[in-house]
Each structure stands twice: as C-alpha cells, then as structure tokens.
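Residues per chain, in single letters:
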Amino acid sequence: IKCQLAHLYFNPKTHKDGIPVRPIENTIHAPTTNISNYLDEIIRPIFDKECQNTTIIDGTSLIQALHQYMRKGLFKSTTLFCTFDIRNLYTMLPQEEALNILVGFLQVHGYTKVKGIPLETIRLLASIVLKENVFVYDKKIYQQVLGGAMGSSFTLTLANIFMWKWQKELVRRQDMAGEYYGRYIDDVFMTWNKSENELKKVLDNANTWHPNIKLEYKIGRSLPFLDVLLTNMNGTLSTAVYHKPAAEPYVVPFIYDHPRHVFENIVQTSLRRAIKYSSTFQTFNDERRYIKSTFLYNG
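Residues numbered from 1 in each chain as written. Predicted model: local features only at pLDDT ≥ 70, side-chain atom pairs only at ≥ 80, totals over all residues. Heavy atoms only, no water.

For the chain, the name recorded in an unreviewed UniProt entry is Reverse transcriptase domain-containing protein, with Rotaria socialis as its organism.

Here it is as structure tokens:
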C-alpha cells in the first residue's frame, strides 16, 4: 500500500478582510486516510438520515424549506433572517469530547453496532483518525492535537455530529416557536418573528455554550446564505443568485484545452442556478445578462 505523510497548505479567503487563510491537509496517501474514508462511508448516511430536517444541502433546499415555512402562514412582513457561522470549526473540535459525542449520537439513534462493528471499535478507529494525524509543514513534522484535518473525509461528518449536540437547544427553541433552523456544515440560517434584541440575547447566550464554539452572526430582512440572496419584501420571499463582493467574473476561458463538455457544464450550471434561485422573471434576466457578460469577458 502506498503511504506518505500528509502535508499542510493554505487557501486564502479572498472575500474576507485581511485575507486570512484556511489550513488544508493533503491526506490522499496518508496512513489514516483509508480508515477516515471507511468511517465516513458508514456513518455519514446515518447522520444524513437522522438530521435531514435541520440540514441545508444547498441554496435550492433552503428556498424549498422557506416555501414550506410560508405555506404554514408563519412568514410575515416583520420576519427577520439570521445567519451565523462557526469560526474554525474543523480545527477547534475538542478531540475526546468529539469522540464521546460520536458514540452518544449513535446510541441515541438506536445503534449498538454499525455494519457489524461495535461502537467501542468505531470510537477507536475515529480516535486513530483524529489523534494519529501527522503532517509535514516547512520541512518539519507535526501532530494535530486539536480538531481534525480539513482534507480528511471523516472530519466533516464528525464536525456535523459535534454540531448536532451543540445546536440541540437552538433547534428545540425554534421548533417550539414554529421557526426555521437549518445548517450547512458551519453556516446556520434561522427565521425569527420576535424582536431583534431578543434574538441577539439568544445568540449571545449560545456563544457561551462551548469554549471552542464562537459565532459571528448577522440579522436582517435581506441576507445572503451560500450562493443565494434572500429578502423579505413585506411578507413575500424574494430570492436571487448571490455573488460575493470579492468574486471576480472569471471562468475557464474557452480557448483553453479543456474537454469541450467542461464549457457546456459551466453554461448549464450557471443558467440552472439562475432559474432555481430567481423568484421573478426580471431577476432571472438580470442574472442571465451577468452570465452572458462573464462568458464574453472570458472569450
């Protein structure tokens, strides 16, 4: 079996002030990669099944969920939107606690074994993925002692399960009030029909629930989430494609020697997203013109 140490590299977050970086590990041939992939393969479907009501898959699934919310008569002209993200979720996961929550999650949902593997063995395998994670950076070898590797497939599933435990109180509160709560990994979208000050108190309180979990939130009647812009227009939901301010109008230039289907897929994907996200024909036409300009600019 081909095996080598993971190595660390950084992706700049160009859409944020100061351009911070995101640490990512290339774990393709790392010693724990096969264990990580196997755990992800058997546990992620359990999480997806048990937590589908609070999971946002993409912008389209969020729009559909909000339409259901509207059909219940809960969407009003005063309804507020709230988005927040968890800072550095992957790298701030407390390892022992995350392992305990993993086992607790499986037990709560009635599992004593997964694919014939006892939970204590699942925990041991997950522990190897987290605690035996060794990588190279600047010609030195490091061992990760907090969090999991961005680049290791099971880290995402473990982070999702950790957030399942953390968000329980918020989900319960939203359910009791008939409000919407959805999460896409470390990004959360909520509706709110009480005062903004009350919402701030709830979020400030949630900021104290765990020393490693810190929220950065925004509240308003028009907010972006993922790649969709959602606006409360006096009790009517307006949606459109959202382009980050730092995003530049670049796609793969047509003259590049890529397989021709790549260019067709870029066009199809852009137009399909515009159709799904645009709540009015005018909004779609505006996005269509943006797409056309981008493609002309890139030849």
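Next comes the rest of the write-up.
**Examining the overall build of the chain**
Here is the rule: For helices the rule is a DSSP run of H or I covering at least 4 residues; for strands it is a run of E covering at least 2, with both sets numbered from the N terminus onward. Here the globule rule is a power law, 2.2 Å times the number of residues to the power 0.38, and the radius of gyration is based on C-alpha atoms. Between buried and exposed lies partly exposed: a residue is buried under 20% and exposed over 50% of the maximum accessible area for its type, with that area taken using a 1.4 Å probe on protein chains only. Contacts: residue pairs with any heavy atoms within 4.5 Å of one another. Computed by Shrake-Rupley with a 1.4 Å probe, the accessible areas treat only the displayed protein chains as cover when residues are assessed. Positive: Lys, Arg. Negative: Asp, Glu. His and the chain ends are not part of the count. Taken as the charge location is NZ of Lys, CZ of Arg, CG of Asp or CD of Glu.
Scanning the chain from N- to C-terminus turns up 10 helices and 13 strands. In terms of overall dimensions, the chain is globule-like: its C-alpha atoms have a radius of gyration of 21 Å, near the 19 Å expected for 299 residues. On the principal axes, the C-alpha backbone points of the chain span a range of 55 × 55 × 40 Å. Residue burial in the chain is summarised as follows: out of 299 residues, 41% are buried. The long-range share in the chain, meaning contacts at least 24 apart out of those at least 6 apart in sequence, stands at 68%. Carbon and sulfur atoms make up 54% of the accessible area of the chain, which totals about 16,700 Å². Here the chain holds 35 positive side-chain charges and 28 negative ones, and the gap between their average locations is 3 Å.

**A closer look at a nonpolar patch on the surface**
Put simply, the test is: Nonpolar side chains (Val, Leu, Ile, Met, Phe, Trp, Tyr) are joined into patches within 5 Å and like charges within 9 Å, using only residues with over 30% relative accessible area and no salt bridge. Counted as salt bridges are all cases of a side-chain nitrogen of Lys or Arg within 4 Å of a carboxyl oxygen of Asp or Glu.
Side chains of Phe10, Val21, Tyr137 and Tyr142 sit close together on the surface and give an oily, nonpolar patch of about 350 Å² of accessible area. Given a relative accessible area of 35%, tyrosine 137 falls into the partly exposed group.

**Examining the sheet that holds strand E11 (residues 222-225)**
Where we set the bar: At least two bridges found by DSSP between two strands is the condition for calling them paired. Geometry is summarised by axes, namely lines fitted to C-alpha atoms with helices restricted to the contacting stretch, and by angles between N-to-C directions that run from 0 to 180 degrees.
Sheet architecture is open: 3 strands sit in the order E11-E12-E13, paired in antiparallel fashion. The open sheet has two edge strands, E11 and strand E13 (236-241), and neither has a second partner. The mean angle between the axes of side-by-side strands here comes to 20 degrees, regardless of whether they run parallel or antiparallel. When strand E12 (residues 228-233) meets E13, the two strands line up antiparallel, connected through 6 bridges. Note that in E13 the partner of asparagine 232 across the bridge is leucine 237.

**Digging into the side chain of threonine 32**
Within the secondary structure, threonine 32 sits in the loop between strand E2 (21-26) and helix H1 (33-50). In this structure threonine 32 comes out as buried when scored by relative accessible area, which is 10%. Setting aside residues up to four positions removed in sequence, threonine 32 forms contacts with Ile128, Val129 and Glu132.

**As for the pairing of E11**
Burial along E11 is one-sided: Leu223 and Phe225 are buried, and none of Ser222 and Pro224, which face the opposite way, are. Here E11 pairs with E12 via 4 bridges, running antiparallel. Bridging across to E12, leucine 223 finds its partner in leucine 230. Counted between consecutive antiparallel strands, the loop separating E11 from E12 contains 2 residues, among which leucine 226 sits at a positive phi close to 55 degrees.

**A short note on the sheet that holds strand E3 (residues 80-86)**
What links the strands of a sheet is backbone hydrogen bonding, and the strands pair in either a parallel or an antiparallel sense. Spatial strand order, E8-E9-E3-E10: 4 strands in an open sheet with antiparallel pairing. Both outer strands of the open sheet, strand E8 (181-184) and strand E10 (215-220), are each paired with one neighbouring strand and no more. In this sheet, adjacent strand axes meet at a mean angle of 15 degrees when their direction is disregarded. When E3 meets E10, the two strands line up antiparallel, connected through 6 bridges. What sits directly across from phenylalanine 84, in E10, is tyrosine 217.

**Focus on the environment of threonine 236**
Positionally, threonine 236 belongs in strand E13. Distance from threonine 236 to lysine 76, taken between C-alpha atoms, is 7.8 Å for residues 160 residues apart in sequence.

**Thoughts on the environment of leucine 226**
The topology assignment puts leucine 226 in the loop between E11 and E12. Distance from leucine 226 to serine 152, taken between C-alpha atoms, is 22 Å for residues 74 residues apart in sequence. Residue contacts for leucine 226: discarding those within four places in its chain leaves Ile56, Asp58, Gly59, Tyr184 and Tyr242.

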